[in-house]
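# Survey of secondary and tertiary structure
The chain contents come next:
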Amino acid sequence: MTVFFIGAGPGDPELMTVKAARIIGECPVCLYAGSLVPEQVVACAPADAKVMDTAPMTLDETHAEIVAAHELGQNVARVHSGDPSLYGAIAEQIRRLKVDGIDYEIIPGVPAYAAAAAALGQELTIPEVAQSIVLTRMSMKSTAMPNGETLENFGRTGATLAIHLGIRALREIERQLAPFYGADCPVAVVYRVGWPDQMIIRGTLSDIQPKIREAKITRTALILVGPALGGDHGFPDSALYDAARPHVLRPKKKAPVT
């Protein structure tokens, strides 16, 4: 018996991996986070499968369902949104599985920041503008952030920031980041990326908050901040395909023999 932690992607069932869909379709028990995973994603479960929305359940209750399945020798599809390695709350589940000697496997999924970049139609790492992406979140009412993991510290790098759980803290985000990025730094908020009601709102650190308030977005949104989100920066082409920079897969062409 195995528990499969499955990354279902951002919401669009077609962005789920082939492996994820296959495993969900084979498991007699499917536990999914219904607040973030649409029912269409688990519609591929067997017709007679036990499918449960874990949104109203506690960790003890979900683990009890897994233990019951283990006693029956039934595999469990534990379906999470995005990629389970990012804010998937799987670490505490895995800890309990290890105590009970229950096998598990992790199936990666499309993370929200990648789906958001695709929805925006752009790359997040622009040559000589930004070559790093920081995935972080705001504390708000959730677990406190570790010491040192602050927006100010990340802002000093100039990297592209992907901020989760921060849609209610846009003023605080502006306050902490404007000294490093400038008030006119581009910001993109992607609401429910991959869902039918997906919404994209662009602005700057100084004006994004009233735009979000007008749109009445209060949850389930990813905030992207950084100069890479701007227009054409006049940046250089990547060296990857530069004809003047040969490499092992594209060696320098020999001059023709005359």
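Note that the structure is predicted; figures quoted are calculated from it, not measured. (Residues numbered from 1 in each chain as written. Predicted model: local features only at pLDDT ≥ 70, side-chain atom pairs only at ≥ 80, totals over all residues. Heavy atoms only, no water.)

## Describing the overall build of the protein chain
Heads up, the condition is: Numbering of helices and strands starts at the N terminus; helices are DSSP runs of H or I of at least 4 residues and strands are runs of E of at least 2. Residue exposure (1.4 Å probe, protein chains only): buried if accessible area is under 20% of the type maximum, exposed if over 50%, otherwise partly exposed. Contacts: residue pairs with any heavy atoms within 4.5 Å of one another. Working definition of accessibility: Shrake-Rupley area with a 1.4 Å probe, residue cover restricted to the visible protein chains.
The secondary structure content of the protein chain amounts to seven helices and 10 strands. If one aligns the C-alpha atoms of the protein chain with their principal axes, the spans along those axes are about 70 × 60 × 35 Å. Taking all 258 residues of the protein chain together, 42% fall into the buried category. Taking as baseline every contact in the protein chain between residues at least 6 positions apart, the subset at least 24 positions apart corresponds to 67%. Split by element, the accessible area of the protein chain, about 14200 Å² in all, is 54% carbon and sulfur.

## Here's the deal with the packing of helix α2 (residues 59-71) against helix α3 (residues 91-99)
The criterion, for reference: With axes taken as lines fitted to C-alpha atoms, and helix axes fitted only over the stretch in contact, angles between N-to-C directions fall between 0 and 180 degrees. To sort the angles, those under 35 degrees are grouped as roughly parallel, those over 145 as roughly antiparallel, those from 65 to 115 as roughly perpendicular, and the leftovers as oblique. Rotating anticlockwise by less than a right angle from the far helix to the near helix defines a left-handed crossing, while the corresponding clockwise rotation defines a right-handed one. Only Asp, Glu, Lys and Arg are considered charged, only Ala, Val, Leu, Ile, Met, Phe, Trp, Tyr, Cys and Pro nonpolar, and every remaining residue, Gly among them, polar.
Look at α2 against α3: their axes get within 11 Å of each other, and the N-to-C directions meet at 45 degrees. Compared by their axis directions, α2 and α3 come out oblique. Viewed along their axes, α2 and α3 form a crossing whose handedness is right-handed. Contacts from Leu59, Asp60, His63 and Ile66 in α2 reach Glu92, Gln93, Arg96 and Leu97 in α3. Classifying every residue of the contact of α2 with α3 by side-chain character gives three nonpolar, two polar and three charged.

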